[in-house]
Amino acid sequence: MMDYVIQTSLDTSAFPPDGFGAWNAGPPEAIGGPMPEGVESPLLFVGRPDDWPGMASLAGVRLARALPSSSAAGYIRETAMLDIVWLTAAETVEGETLSDIFAAAVERDCNVICETTLDALDRIEAAIPAPRRVQLLVDADPTDRLVALAAAKRTRHGVIHDIARDDAMERIDRLQEEVARISRLLGDLAGQRAALPGTPTAFAPHSDDFTDYPGQVRSPPRDFAAVPRSFVPEERAIERQRAKAVRRMLRQRRMREQYFPADLFADPAWDMLLDLYAARLERQPVSVSSLCIAAAVPATTALRWIKTMTDAGLFLREADPHDGRRIFIGLAEGAFDSLARYFEALEE
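Small disclaimer: the values here were computed from a predicted structure and weren't measured. (Residues numbered from 1 in each chain as written. Predicted model: local features only at pLDDT ≥ 70, side-chain atom pairs only at ≥ 80, totals over all residues. Heavy atoms only, no water.)

**Let's talk about the pairing of strand β7 (residues 327–331)**
In step 1: A large share of β7 lies buried, amounting to 5 of its 5 residues.
In step 2: Burial along β7 is two-sided: Ile327, Ile329 and Leu331 and Phe328 and Gly330, pointing in opposite directions, are all buried.
In step 3: Strand direction decides the pairing type here: strand β6 (residues 315–319) and β7, joined by 5 bridges, are antiparallel. In the strand pairing of β7, Arg317 is matched with Ile329. (Buried < 20%, exposed > 50% of the residue type's maximum accessible area, 1.4 Å probe, protein only. Helix = DSSP H or I, 4+ residues; strand = E, 2+ residues; numbered from the N terminus. Pairing = 2+ DSSP bridges.)

**Let's talk about the packing of helix α2 (residues 69–78) against helix α3 (residues 95–107)**
In step 1: Direction vectors running N to C along α2 and α3 enclose 20°, while the axes themselves pass 9 Å from each other. As far as their axial angle goes, α3 and α2 are roughly parallel. Both α2 and α3 take part in a crossing whose hand is left-handed. Contacts between α2 and α3 involve Ser69, Ser70, Ala72, Ala73, Ile76 and Arg77 from the first element and Thr97, Asp100, Ile101, Ala103, Ala104, Ala105 and Glu107 from the second.
In step 2: Taken together, the residues that form the contact of α2 with α3 break down as 7 nonpolar, 3 polar and 3 charged. (Axes fitted to C-alpha atoms, helices over the stretch in contact; angles between N-to-C directions. Parallel < 35°, antiparallel > 145°, perpendicular 65-115°, else oblique. Left-handed = near helix turned anticlockwise from the far one by under 90°. Contact = heavy atoms within 4.5 Å. Nonpolar A, V, L, I, M, F, W, Y, C, P; charged D, E, K, R; others polar.)

**Overview of the confidence of the model for the protein chain**
In step 1: Residue-level pLDDT values for the protein chain average 74, and 68% of them are 70 or greater.
In step 2: This stretch, residues 1–38, has a pLDDT under 50; its non-local contacts, to residues over four places away or in other chains, come to 63 contacts.
In step 3: Low pLDDT (under 50) marks residues 192–217, which in the prediction has 41 contacts with non-local residues, meaning those over four places away or in another chain. (pLDDT = per-residue confidence, 0-100.)

**As for the side chain of Arg242**
In step 1: In this structure, Arg242 sits in helix α7 (residues 234–255).
In step 2: We classify Arg242 as buried; its relative accessible area is 12%.
In step 3: Engagement of the side chain of Arg242 in a polar contact is seen with the side chain of Tyr277, the distance being 3.1 Å.
In step 4: Not counting residues up to four positions away in its chain, the partners in contact with Arg242 are Tyr277, Leu281, Ala340, Phe343, Glu344 and Glu347. (Polar contact = N/O pair within 3.5 Å; in protein donor to acceptor, adjacent residues only side chain to side chain.)

**Brief notes about the pattern of salt bridges**
In step 1: Here the structure, examined in full by the defined rule, presents 15 salt bridges.
In step 2: With its nearest N and O atoms 2.8 Å apart, the salt bridge here joins Arg77 to Asp100. Here Arg77, found in helix α2, pairs with Asp100, found in helix α3; they are 23 residues apart in sequence, far enough to count as distant.
In step 3: Classification of Arg77 as partly exposed rests on a relative accessible area of 31%.
In step 4: Here Glu107 ties to Arg77 by a salt bridge, and the two come within 2.9 Å at their closest N and O atoms. Taken as a pair, Glu107 in helix α3 and Arg77 in helix α2 lie far apart in primary sequence, 30 residues in all.
In step 5: Where salt bridges share partners, they join Arg253, Arg254, Glu257 and Asp271 into one cluster. (Salt bridge = Lys/Arg side-chain N within 4 Å of Asp/Glu carboxyl O.)

**Describing a nonpolar patch on the surface**
In step 1: Together, Tyr259, Phe260, Leu264 and Phe265 make up a nonpolar patch on the protein surface, roughly 460 Å² of accessible area in all.
In step 2: With respect to the element layout, Phe260 can be found in the loop between α7 and α8 (268–282). (Patch = residues over 30% accessible without salt bridge, like charges linked within 9 Å, V, L, I, M, F, W, Y side chains within 5 Å. Areas by Shrake-Rupley, 256 points an atom, 1.4 Å probe, with all protein chains shown as cover.)

**Some remarks on the environment of Leu67**
In step 1: Within the fold, Leu67 resides in strand β2 (residues 61–67).
In step 2: The buried category is assigned to Leu67, whose relative accessible area is 4%.
In step 3: Separated by 19 residues in the primary sequence, Leu67 and Arg48 place their C-alpha atoms 7.6 Å from one another.

**Observations regarding the packing of aromatic side chains**
In step 1: Per the stated rule, a full pass over the model turns up 4 aromatic pairs.
In step 2: For the ring pair Tyr277 and Phe343, a centre distance of 5.3 Å and an interplane angle of 5° mean the geometry is stacked. Here Tyr277 is found in helix α8, whereas its partner Phe343 is found in helix α11 (residues 333–347), with 66 residues between them in sequence. The same class applies to Tyr277 and to Phe343, which are both buried.
In step 3: Between Tyr342 and Phe343, the aromatic rings sit 5.2 Å apart at their centres with planes inclined by 80°, giving edge-to-face as the arrangement.
In step 4: What makes Tyr342 partly exposed here is its relative accessible area of 25%.
In step 5: By relative accessible area, Phe343 is classed as buried at 4%.
In step 6: Taken together through their ring pairs, the aromatic side chains of Trp270, Tyr277, Phe336, Tyr342 and Phe343 make up a single cluster.
In step 7: The cationic tip of Arg280 hangs over the ring face of Phe336; the distance from NZ or CZ to the ring centre is 4.3 Å. (Phe/Tyr/Trp six-rings, centres within 6.5 Å; stacked < 30°, edge-to-face > 60°. Lys NZ or Arg CZ within 6 Å of the ring centre and 35° of its normal.)

Structure representation (structure tokens):
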């Protein structure tokens, strides 16, 4: 027999009108009311009390404490039982404080839900350490927050939780199926029939010595500096022409949205692949925020796609050599080769 656990609603009226002082005075168990024994996943809320989303159902999650960002890292390190850190308005947190919160979460093996703006996304992304246990939300709606909580919470004491198959879960299933389809397509184009699990060997670079990184995908160093046109060889001229064709294809895809609903033809994975391919041909770097815009879907959805495509071995994260506060996204060598074969086939 499956046990069903129902979490009582948390009301924002539970926050004291005089700020964090009243919260810090009492034990965590006093916050948010009693919870079913042995099933709660403790959560630290970092931000203003007024920013708490006050969602109707947080099954399996217990609000342990609400703190300002300046006190969060110390609390995380001193708390023996903490599963989730929910950080709001991350763009307002100073760089050192933000890095310290992330580092403390890694030390205590906590999952992090981080809300920020699109303008600050690149800075926040660059501050996330490895292993990456952070879910980024940009202009998130209630569904996005529920999905993030469902992914971050942990099941304790062997209790089975039933998560309703709502529209959000169905959307995640479709996303995974679409990534699998694209992986199979690129594998077929590269002469590989199998799907692309993790980091496939076919996606290893064809040159350069990367013996310091066994079993990992690394793209060869690229020079993004422009070459004077008079000295560009014929191969570069071909790359420029193909990049123009890819950009034209992307513009045509965006033009459809003037005549049909945008979500009717939504295909963010393919849009991002095309954008990264064109940028590679143009020898231009692509930031995380820029790729989210190219996906033509809400930024939070685009970030999930980027993570999924990276886990599938199609995308690579590359640090900006000139600015440590920014991360670039590039194509894995196997994905680039497959796209090159695809466009060569189109030109025949």
